[in-house]
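Okay, here's what each chain looks like letter by letter:
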Amino acid sequence: MTPATRQEVLGLYRKVLQIAKNWQSASGQIEETMREKEYIRNEARTLFRKNKNVTDPKLIKQCIEECEARIEIGLHYNIPYPRPIHLPPMGLAHKQGRTLRHQEKLRKISKPIYLKSHDEVS
């Protein structure tokens with residue numbers, strides 16, 4: 001990892017922790033706010049620690065983009081949790097009898113960047 005990339009990653013980590021510190025839930029309830037703040041901190045720690053040994057520049061760039069996307073979506077919608085994709089259960093299948101394995105592959109390909117690491121951690 002180059003020093004510039006390292007600084008960018010550390011800056012993102014600090015930004016996420018600062019967002020958690022200043023987070024206010026949409027409902028305004030103290031209990032929910034505390035739960036969401038804790039979720040943001042735990043999710044950041046888990047994902048950053050999981051990816052601390054990544055050395056491939058393309059994968060590092062993808063992780064940075066995922067982090068930035070989750071920050072923007074979280075701030076825009078005022079929810080810390082990743083927004084799920086809404087696909088009907090058999091919505092990606094072709095009507096010519098494709099296998100379930102093919103659907104799983106299509107579903108994985110269609111997943112937005114901000115959900116790539118969420119399934120691996122949760």
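Identification of the protein as LYRM1 protein from Melanocharis versteri is taken from an unreviewed UniProt entry. In UniProt, the protein has this text filed under Sequence similarities (unreviewed entry): "Belongs to the complex I LYR family."

(A) Structural detail: the layout of surface pockets. Counted as a void, the largest pocket has a volume near 780 Å³. If you list the elements that add at least two residues to the lining of the largest pocket, you get α1 (3–22), α2 (30–50) and α3 (57–77). Residue classes in the lining of the largest pocket are distributed as 26 nonpolar, 3 polar and 8 charged.

(B) Here's a closer look at the pattern of salt bridges. Inspection of every chain in the model, using the stated rule, returns 3 salt bridges. For E38, the salt bridge identified is with R41, shortest N-O distance 2.9 Å. Of the two residues, E38 and R41 are both situated in helix α2; the distance of 3 residues between them amounts to about one turn of the helix. Here R41 falls in the partly exposed class, since its relative accessible area comes to 22%.

(C) Representation of the side chain of T5 within the structure. Here T5 is to be found in helix α1. Within the structure, the side chain of T5 is placed 2.7 Å from the side chain of T2, a separation counted as a polar contact.

(D) Layout of α3. Between the first and last C-alpha of α3 there are 30 Å, a value that for 21 residues agrees with the 30 Å anticipated at 1.5 Å per step. Among the residues of α3, those classed as buried are I60, I64, E66, C67, R70, I71, I73 and G74. The positive-phi residue at the C-terminal boundary of α3 is N78, with phi of around 60 degrees.

(E) Region of interest: the nonpolar core. One finds L12, V16, I40, I64, C67 and I71 to be the most contacted residues of the largest nonpolar core, which totals 13 residues. Among the secondary structure elements, those contributing two or more residues to this core are α1, α2 and α3. Among the elements that line this core, the one with the most residues is α1, at 5 residues. Each residue touching I40, except ones within four places of it in the same chain, is listed here: V16, A20, W23 and P80.

(F) Spatial organisation of the side chain of T33. Here T33 is to be found in helix α2. Look past the residues within four positions of T33 in its chain and what remains in contact with it is W23, Q24, S25 and G28.

(G) Focus on α2. Taking 1.5 Å per residue as the helical rise, α2 with its 21 residues ought to reach 30 Å, and the 30 Å between its terminal C-alpha atoms agrees with that figure. What α2 keeps buried is the set T33, E36, K37, I40, E43, A44 and L47. Taken down its axis, α2 places every buried residue within 130 degrees of arc, on the same side. More than 90 degrees from the buried face of α2, the exposed residues found are I30, E31, R35 and R49.

(H) Just the environment of S27, in detail. Relative to the assigned elements, S27 resides in the loop between α1 and α2. Among the residues examined, S27 registers a relative accessible area of 42% and is labelled partly exposed. Sequence separation between S27 and N78 is 51 residues; the distance between their C-alpha atoms is 9.9 Å. Within polar-contact distance, the side chain of S27 engages the backbone nitrogen of Q29 at 3.3 Å. There is a polar contact of 2.8 Å between the side chain of S27 and the side chain of E32.

The rules we used
Residues numbered from 1 in each chain as written. Predicted model: local features only at pLDDT ≥ 70, side-chain atom pairs only at ≥ 80, totals over all residues. Heavy atoms only, no water. UniProt positions renumbered as here; feature names shortened; annotations may be inferred. 1 Å grid on protein atoms, 1.4 Å probe; cavity = no way out; pocket = protein on both sides within 12 Å on 5 of 7 lines; lining within 4 Å. Points joined across faces, edges and corners; volume = space filled by probe spheres on them. Helix = DSSP H or I, 4+ residues; strand = E, 2+ residues; numbered from the N terminus. Nonpolar A, V, L, I, M, F, W, Y, C, P; charged D, E, K, R; others polar. Salt bridge = Lys/Arg side-chain N within 4 Å of Asp/Glu carboxyl O. Buried < 20%, exposed > 50% of the residue type's maximum accessible area, 1.4 Å probe, protein only. Polar contact = N/O pair within 3.5 Å; in protein donor to acceptor, adjacent residues only side chain to side chain. Expected span 1.5 Å × (residues − 1). Core = buried A, V, L, I, M, F, W, Y, C linked by side-chain atoms within 4.5 Å. Contact = heavy atoms within 4.5 Å. Arc of directions from axis to C-beta.

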